[in-house]
Amino acid sequence: MKEFLVLSLLLMFSSVFSQNSTIKWGKEKKLTWEDFKAKPNEDAIGTAKTSYKINIIPENVKVDEQDRIEGYKKISVVATFYKNLSWTREALEGSNLLKHEQLHFDIAELFARKIRMKFKELQQKNEARFSIYQQEYSKLWKQCRLYQKEYDFETKHGIKLDLNKSWTLKVNKELSKLQGI
């Protein structure tokens, strides 16, 4: 009974900790400098880093020996920001840098929507093979990473304010096209 209580408390604590250390993307939720909890490594380059991932949910997908996903029609994806892996050297109020970092998270959501759309297409075809979902996820994740690099390259990591504004308009337009996905 004692071990059960300890295990229950540990599971409850880890659940609360993980919820407080991540942010799921939301249209109304904008990042603040308080969300950037990590300390940069001494060899880290740049002024800030947004750590995100596009997670497949549910996280504990069951796959059988024939590569079939149990409950494949329920899988989806979510863009998640990781507070304990994101950092900044300059937490300036009203900073354009924060807007730049927010757009990195918005781009993650854009690609989460593209993955959700692809998953829905596969589900409508009754595709249940895990390898197919993983292949599509990997392809779009790679595109997301390239898009993020292009964004940083063109805007010089947010220094070129006019280009950063152009990218914001571009990404918001793409997000609007995929609204509801």
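So, here is what we can say about the structure in this document. Bear in mind that the values here come from a model prediction, so they are computed numbers and not experimental data.

Rules of the game
Residues numbered from 1 in each chain as written. Predicted model: local features only at pLDDT ≥ 70, side-chain atom pairs only at ≥ 80, totals over all residues. Heavy atoms only, no water. Core = buried A, V, L, I, M, F, W, Y, C linked by side-chain atoms within 4.5 Å. Buried < 20%, exposed > 50% of the residue type's maximum accessible area, 1.4 Å probe, protein only. Helix = DSSP H or I, 4+ residues; strand = E, 2+ residues; numbered from the N terminus. Contact = heavy atoms within 4.5 Å. Expected span 1.5 Å × (residues − 1). Phe/Tyr/Trp six-rings, centres within 6.5 Å; stacked < 30°, edge-to-face > 60°. Lys NZ or Arg CZ within 6 Å of the ring centre and 35° of its normal. Pairing = 2+ DSSP bridges. Axes fitted to C-alpha atoms, helices over the stretch in contact; angles between N-to-C directions.

### Side note on the nonpolar core
So, point 1. Ranked by internal contacts, the top residues of the largest apolar core, which has 38 residues, are Ile54, Phe105 and Ile107.
So, point 2. Contributions of two or more residues to this core are made by β3 (52-57), β4 (76-82), α2 (96-124), α3 (130-155) and α4 (161-177).
So, point 3. In terms of residues, this core owes the most to one element, α2, which gives 12 residues.
So, point 4. In this structure, Ile54 is in contact with Val77, Val78, Ala79, Ala108, Phe111, Ala112, Ile115, Tyr137, Trp141 and Cys144, ignoring residues within four places of it in sequence.

### Re the environment of Ile159
So, point 1. Its place among the elements puts Ile159 in the loop between α3 and α4.
So, point 2. Overall, the relative accessible area of 68% leaves Ile159 in the exposed class.
So, point 3. Sequence-wise, Ile159 and His100 are 59 residues apart; in three dimensions their C-alpha atoms are separated by 9.0 Å.

### Some points on α3
So, point 1. In this model, α3 (26 residues) spans 37 Å end to end at C-alpha, consistent with the 38 Å of a helix rising 1.5 Å per residue.
So, point 2. Of the positions making up α3, those classed as buried are Ile132, Tyr133, Glu136, Tyr137, Leu140, Cys144, Tyr147, Gln148, Tyr151, Asp152 and Thr155.
So, point 3. Looking at the buried positions of α3, the neighbouring elements they touch are β3, α2 and α4.
So, point 4. Immediately beyond the C-terminal end of α3, within one or two residues, lies Lys156, with a positive phi of roughly 55°.

### Examining the packing of aromatic side chains
Given two aromatic rings, their pairing is described by the distance between the two centres and the angle made by the two planes.
So, point 1. Taken as a whole, this structure holds 9 aromatic pairs when the rule is applied.
So, point 2. With a centroid separation of 5.3 Å and 65° between ring planes, the pair formed by Phe36 and Phe81 is classed as edge-to-face. With Phe36 in the loop between β1 (22-24) and β2 (48-49) and Phe81 in strand β4, this residue pair connects regions lying 45 residues apart in the sequence. Pair check on accessibility: Phe36 and Phe81 agree, each one buried.
So, point 3. The ring of Phe111 carries Lys114 above its face, with NZ or CZ at 4.5 Å from the centroid.
So, point 4. Of note, Lys170 hangs over the ring of Trp167, and the distance from its end group to the ring centre comes to 4.2 Å.

### Let's talk about the sheet that holds β4
So, point 1. Read across the open sheet, the 3 strands follow the order β1-β4-β3; overall the sheet is antiparallel. Only two strands of the sheet have a single neighbouring strand rather than two, namely β1 and β3. The sheet shows a mean angle of 35° between the axes of neighbouring strands, direction not considered.
So, point 2. As judged from the 3 bridges shared by β1 and β4, these two strands associate in the antiparallel manner. The residue of β4 that forms the bridge with Ile23 is Phe81.
So, point 3. Against the sheet, α2 touches β1, β3 and β4, its axis set at about 165° to β4.

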